[in-house]
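# Report on the structure
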Amino acid sequence: MLVWINGTISQPEDARISVFDRGFMYGDSVYEAVRFFDGVGVGMDQHVQRLRRSLAYTKITGFKPDDYRIICRSLMESLQTEDAMVYLQVTRGVQIPRRHCPDSNLTPSVIAVGSPAASLESMTQPMQISVTVEPDLRRMHCDVKATNLLENVLATMAAEQMQAQEPILQLDGVLTEGSSSNIFVVQGTTVRTPQLNHPRPILPGINRQLALDAAQALGLRIEETSISAKELRDADEAFITSSSRVLASIQAVDGRSIRSGSIGAVTLQIHDELVRRIRAGSSITPQT
Ligand code: PMP
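Residues numbered from 1 in each chain as written. Predicted model: local features only at pLDDT ≥ 70, side-chain atom pairs only at ≥ 80, totals over all residues. Heavy atoms only, no water.

### Let's talk about helix α5 (residues 206-217)
Put simply, the test is: Under the scheme used here, helices are H or I runs from DSSP no shorter than 4 residues and strands are E runs no shorter than 2 residues, and both carry numbers assigned from the N terminus. Residue count minus one, scaled by 1.5 Å, sets the expected span of a helix. Residues count as neighbours in contact if any of their non-hydrogen atoms are within 4.5 Å of one another.
For α5, spanning 12 residues, the distance from its first C-alpha to its last is 17 Å, which sits close to the expected 16 Å at 1.5 Å a residue. Of the surrounding secondary structure, the elements contacted by the buried residues of α5 are β9 (182-187), β10 (190-193), β11 (221-224), β12 (237-242), β13 (246-249) and α7 (265-280). Positioned one or two residues after α5, Gly219 has a phi angle of 80°, which is positive.

### A few points about the site of the ligand
In plain terms, the rule: We call a residue near a given molecule or strand whenever any one of its heavy atoms falls within 4 Å of it. Any N or O atom pair separated by 3.5 Å or less is treated as a polar contact, with the protein-specific requirement of one donor-capable and one acceptor-capable atom, and with residues adjacent in sequence counted only for side-chain atom pairs. Using a 1.4 Å probe, the Shrake-Rupley method yields the accessible areas, and only the shown protein chains count as cover for residues. Each cavity reported here is a set of points on a 1 Å grid over the protein atoms alone in which a 1.4 Å probe fits but cannot get out, each pocket an open set with protein on both sides within 12 Å along at least five of seven lines, and each lining residue one with an atom within 4 Å of a point. Placement in a cavity or pocket follows one criterion, namely that more than half of the molecule's atoms lie within 2 Å of its grid points. Polar here means any residue other than Ala, Val, Leu, Ile, Met, Phe, Trp, Tyr, Cys and Pro, which are nonpolar, and Asp, Glu, Lys and Arg, which are charged; Gly is therefore polar.
The full set close to the ligand counts 14 residues, and Lys145, Glu177, Ile206, Asn207 and Ser243 are the nearest of them. Residue Glu177 places a side-chain N or O atom 2.7 Å away from a nitrogen atom belonging to the ligand. Relative to its unbound accessible surface of 390 Å², the ligand loses 87% to contact with the protein. Here the ligand is seated within the largest pocket. Elements with a minimum of two residues in the shell around the ligand: β8 (174-178), α5 and β12. Per-class residue counts for the shell around the ligand are 2 nonpolar, 10 polar and 2 charged.

### Remarks on the pairing of strand β6 (residues 109-116)
Operational definition: With a 1.4 Å probe rolled over the protein chains alone, any residue whose accessible area is under 20% of its type maximum counts as buried; one over 50% counts as exposed, and the rest are partly exposed. At least two bridges found by DSSP between two strands are what make those strands a pair.
With respect to burial, β6 is a largely interior element, 7 of its 8 residues being buried. Relative to β6, strand β1 (residues 2-5) runs antiparallel, the two sharing 4 bridges. Bridging across to β6, Val3 finds its partner in Val113. Bridge count for strand β5 (residues 84-91) against β6 is 8 bridges, and the pairing is antiparallel. Looking at β6, one finds that Val86 is bridged to Gly114.

### Digging into the packing of aromatic side chains
Threshold: Stacked, tilted and edge-to-face pairs are distinguished by plane angle, under 30 degrees for stacked and over 60 for edge-to-face with tilted covering the rest, among Phe, Tyr and Trp rings (Trp via its six-membered ring) whose centres lie within 6.5 Å.
What the rule picks out here adds up to 2 aromatic pairs. Here the aromatic rings of Phe184 and Phe239 are separated by 4.7 Å at their centres, their planes lie at 10°, and the arrangement is stacked. A residue pair is termed long-range when its members are at least 10 positions apart, and Phe184 in strand β9 and Phe239 in strand β12 qualify at 55 residues. Judged by its relative accessible area of 1%, Phe184 falls in the buried class.

### A few points about the packing of α5 against α7
Operational definition: Each axis is a line fitted through C-alpha atoms, and for a helix only the stretch in contact is used; angles between axes span 0 to 180 degrees, taken between their N-to-C directions. To sort the angles, those under 35 degrees are grouped as roughly parallel, those over 145 as roughly antiparallel, those from 65 to 115 as roughly perpendicular, and the leftovers as oblique.
Following both chains from N to C, one finds α5 and α7 inclined at 110°, their axes separated by 9 Å at the closest point. Taken together, the axis directions place α5 and α7 in an arrangement best described as roughly perpendicular. For the pair α5 and α7, the contacting residues are Leu210, Ala211, Asp213, Ala214, Ala215 and Ala217 in the first and Ile270, Glu273, Leu274 and Arg277 in the second. Class assignment of the residues belonging to the contact of α5 with α7 gives a composition of 7 nonpolar, no polar and 3 charged.

### Digging into the sheet that holds β9
The strands making up a sheet associate through hydrogen bonds between their backbones, and the pairing can be parallel or antiparallel. With mixed pairing, 5 strands are arranged side by side in an open sheet as β11-β10-β9-β12-β13. Where the open sheet ends on each side, the last strands, each with one partner, are β11 and β13. Strand-to-strand twist of the sheet, defined as the mean angle between neighbouring strand axes without regard to direction, takes the value 25°. As defined by bridge partners, β10 adjoins β11 across 4 bridges and the pair is classed as parallel. Bridge assignment links Thr193 to a residue of β11, and that residue is Glu224.

### Description of the pattern of salt bridges
To be explicit about the condition: When a carboxyl oxygen of Asp or Glu is within 4 Å of a side-chain nitrogen of Lys or Arg, the pair counts as a salt bridge.
According to the stated counting rule, one finds 20 salt bridges in the structure shown. Between Arg50 and Glu32 there is a salt bridge; the shortest N-O distance is 2.7 Å. Separated by 18 residues along the polypeptide, Arg50 in helix α2 (residues 44-58) and Glu32 in strand β3 (residues 29-37) bring together distant segments of the chain. Residue classification places Arg50 among the partly exposed residues on the basis of a relative accessible area of 42%. Owing to a relative accessible area of 2%, Glu32 belongs among the buried residues under this scheme. Between Arg99 and Glu160 there is a salt bridge, and its shortest N-O distance comes to 3.7 Å. Note that Arg99 is positioned in the loop between β5 and β6 and Glu160 in helix α4 (residues 150-161), a separation of 61 residues in sequence. Residue classification places Glu160 among the partly exposed positions, given a relative accessible area of 37%.

### What about the layout of surface pockets?
What counts here: Grid points are joined across faces, edges and corners, and a volume is the space filled by probe spheres set on the points. Start and end points for every domain follow an automatic or database-based domain assignment.
As a volume, the largest pocket reaches approximately 1,300 Å³. Looking at the largest pocket, it is lined by 45 residues, and the ones nearest its centre are His100, Leu149, Asn152, Ser179 and Ser180. Elements that contribute at least two residues to the lining of the largest pocket include exactly α4, β7 (168-171), β8, α5 and β12. Of all the elements, α4 adds the most residues to the lining of the largest pocket, at 6 residues. When its residues are assigned to classes, the lining of the largest pocket shows 14 nonpolar, 19 polar and 12 charged. Each of two domains, domain 1 (2-121) and domain 2 (127-280), supplies a minimum of three residues to the lining of the largest pocket. What lines the second largest pocket is a set of 26 residues, among which Ala164, Glu166, Ala252, Val253 and Asp254 lie closest to the centre. Going through the elements one at a time, α4, β7, α6 (229-233), β13 and β14 (252-253) are the ones with two or more residues in the lining of the second largest pocket.

And the structure:
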């Protein structure tokens, strides 16, 4: 087996990429894998075409899909085989410091692994396997803080194009959470936030709970309920919570100011209570 990393071929045990590679940090990358028999890639044109589509969807630029062919050739020449499997991964590149939204000037990391494989002549009958049936939960468990964040990255890129700092995500007509935060709206003196399990599990944010505790201590009415995008746009006040921002007041949604326009009175009250609790150390152990 041999590994190609950005034009250099190395032994698998010497193959290294940066811990700041966005493929490693966020799964911010695409891949393909082609089987070669007698030096011919099975469905090579289709693989290149699918790679082009994946790169376009993820907006990963700086890698020419047709170069996959050249990389495969080079790896097979080094392996001195015409029968191989060639895996390719193109990540958005290395970015320091860590930040969901990619910088505009990144160079993609190109990693390929060539592995010698059986010849067509040796494959006289199909292999026999067993299977199990499992629920299809792919990308469903947003309550787990996993690093598969490609969609979060793409949503952040879309938000940044609109000069916004956080995309608020919507599913089945209701808001779920921010791409790296939890969302709250304030209507009168009622503080509302999406419930943790509908329409899909969301991250039980530590600061979400701290904000709810603070709101409760202030005697505000709290609702964990479905919230539509319209309700966010029409809210008196809105804010997000997260570890990095603690509480950030939302001034505008999709380019339009929300009612208060500036930091609302209830938002300010919750913020001040949160800060007071953090300072006092009382919020380190949230109530259960
Ligand atoms: N939702 C998502 C998707 C997040 O990535 C984060 C940030 N960790 C949050 C919510 C807020 O969680 P916490 O308050 O624990 O930082």
